[in-house]
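# Chain and residue survey
Each chain, letter by letter, is given below.
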Amino acid sequence: MSLPVPSSDALAASHALQHLIAADIERNAGAISFARYMELALYAPGLGYYSGGSAKLGKDGDFTTAPELSPLFGAALARVAAAIIAQSAPNILEFGAGTGKLAFDILSELRAAGVKVDAYYIVELSGELRGRQQDQLRDFPQVVWLDALPAAFDGVVFGNEVLDAMPVELVIKHPDGWQALQVTVADGRFQYLETPASPALLAQVARQIPEHELLPAGYVTELHGVACGFMATLARMLDRGTANAAFLFDYGFPAHEYYFDQRVTGTLMCHYRHHAHPDPFYYPGLQDITAHVDFTAMALAAQEAGIEVLGYLNQSGFLLGAGIGELLLRTDPADAMAYLPQARALQKLVSPAEMGELFKVLVVGKGVELPQAIVLQDRTHRL
């Protein structure tokens, strides 16, 4: 691979994390699950990708998210938040708030519209990102940072690209069944090690992958146990409330589109300095590691924990239903310097060839109704 060379400080941090992971492998008889490897690579205190100090987002980071592209994204979400708040409570909770840009845009739009927000809670694991959020949101005293979910919640929940960064297990299909892809150390490098899948993993394969027995030998895919657990925890929090809705934006597919014959290497992908590549062992701690989301599994996990699936749609349908086109027209098209960059950003957000179709929105909650323009775009039947 031809990727940018890390700085000496970044290399030192990655080497320290590699030693930590290698020690964990040694303590566990020479192999750990891929989910454990991914957890350490992303979240090991002080060294993992999200818990270390390197920039993650924007031109100086590794990738750009929808809120970074345009304030129109946050303004559109604010419109939907106002509709839900009118039916529930003036509270918003956001998972993994990145640079704080989405929170800033939502709160700015709601303030301009005269919509009161009592509290905007942020659950953030990255110390570096929490610091950037505090600076970005210094003019909004209602912002509160949390280390864990509240027991119950009424209001609006947002999670943008949260599920894709949760650790996954990897499995591979053999002619005689499924094996786990664990991580070991060989010749001084992290490598995959095929081991018999545990009964728990086999049960998850049967539950998560439609017609898994028909997939070809050599087929590799992900199992989303951690994300399913997160959805169950989120659903229990919502179920203890009386009126709420959680909107989860991410790239992924329903199960019948996720596990098809041609996707033989799975969806695991890494992001480093705006380069995408498939090697999760490249400089651990310096790159993001993600997998596409199985939205069917997420919806089922929420339902089984007692909460309702209120909607499932692509990002294009959601944003257009939320009125993002009208928001663009608040900028005079005759002012090309101001209008054209926003029009280009909007195109990237909603175009089927860009983020509009790959990114989906799963909505779960209770006691509220979505705006009718969004309901008309619903694809829940495709889950």
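Our structure's up above, just so we're on the same page.
What counts, and at which threshold
Residues numbered from 1 in each chain as written. Predicted model: local features only at pLDDT ≥ 70, side-chain atom pairs only at ≥ 80, totals over all residues. Heavy atoms only, no water. Helix = DSSP H or I, 4+ residues; strand = E, 2+ residues; numbered from the N terminus. Buried < 20%, exposed > 50% of the residue type's maximum accessible area, 1.4 Å probe, protein only. Contact = heavy atoms within 4.5 Å. Axes fitted to C-alpha atoms, helices over the stretch in contact; angles between N-to-C directions. Parallel < 35°, antiparallel > 145°, perpendicular 65-115°, else oblique. Left-handed = near helix turned anticlockwise from the far one by under 90°. Nonpolar A, V, L, I, M, F, W, Y, C, P; charged D, E, K, R; others polar. Phe/Tyr/Trp six-rings, centres within 6.5 Å; stacked < 30°, edge-to-face > 60°. Lys NZ or Arg CZ within 6 Å of the ring centre and 35° of its normal. Core = buried A, V, L, I, M, F, W, Y, C linked by side-chain atoms within 4.5 Å.

## Looking at the side chain of His-292
- Looking at the element boundaries, His-292 is found in the loop between strand 13 (288-290) and strand 14 (293-294).
- With relative accessibility at 16%, the residue His-292 sits in the buried group.
- For His-292, the residues in contact, after removing those within four places along its chain, are His-224, Tyr-251, Gly-252, Phe-253, Tyr-258, Thr-267 and Leu-358.

## Focus: the packing of helix 4 (residues 71-85) against helix 5 (residues 101-112)
- Where helix 4 contacts helix 5, the two axes come as close as 8 Å, and the packing angle between them is 55°. As judged from the angle between their axes, helix 4 and helix 5 are oblique. Considering only the axes of helix 4 and helix 5, their crossing is right-handed. Contacts between helix 4 and helix 5 involve Pro-71, Phe-73, Gly-74, Ala-75, Leu-77, Ala-78 and Ala-82 from the first element and Lys-101, Leu-102, Asp-105, Ile-106, Glu-109 and Leu-110 from the second.
- Split by residue class, the contact of helix 4 with helix 5 holds nine nonpolar, one polar and three charged.

## Section: the packing of aromatic side chains
- Enumeration according to the criterion identifies 21 aromatic pairs in this entry.
- With 5.1 Å between their ring centres and 80° between their planes, Tyr-37 and Phe-281 make a pair best called edge-to-face. One end of the pair, Tyr-37, is in helix 2 (residues 34-43); the other, Phe-281, is in the loop between strand 12 (275-277) and strand 13, and 244 residues separate them in sequence.
- Exposure remark for Tyr-37: the relative accessible area of 0% places this residue in the buried category.
- Ring centres of Phe-190 and Phe-281 lie 6.3 Å apart, and the angle between their planes is 50°; on these two criteria the pair is classed as tilted. Placement of Phe-190 in strand 8 (residues 189-196) and of Phe-281 in the loop between strand 12 and strand 13 is noted, with a sequence separation of 91 residues between them.
- Each member of the aromatic cluster is reached from another via a ring pair, and the members are Phe-34, Tyr-37, Phe-190, Tyr-192 and Phe-281.
- We note Arg-263 situated over the ring of Phe-253; from NZ or CZ to the ring centre the distance is 4.4 Å.

## Focus on the packing of helix 8 (residues 225-239) against helix 10 (residues 295-304)
- Interaxial distance between helix 8 and helix 10 falls to 8 Å at its minimum, and their mutual angle equals 35°. By crossing handedness, the relation of helix 8 to helix 10 is classed as right-handed. For the pair helix 8 and helix 10, contact is made by Ala-227, Cys-228, Met-231, Ala-232 and Ala-235 and by Ala-297, Met-298, Ala-301 and Ala-302, respectively.
- Per-class residue counts for the contact of helix 8 with helix 10 are nine nonpolar, no polar and no charged.

## A few points about the nonpolar core
- Residues Leu-77, Ile-92, Ile-106, Phe-158, Phe-247, Phe-318 and Leu-319 are the most contacted members of the largest nonpolar core, which totals 50 residues.
- Element by element, the count of residues in this core is highest for helix 4, at 10 residues.
- Once you skip the residues sitting within four places of it in the chain, Leu-77 turns out to touch Leu-102, Ile-106, Phe-158, Phe-249, Phe-318 and Leu-319.
- In terms of nonpolar packing, the next biggest core, distinct from the first, is built from 33 residues, Val-157, Met-166, Leu-238 and Ala-305 among them.

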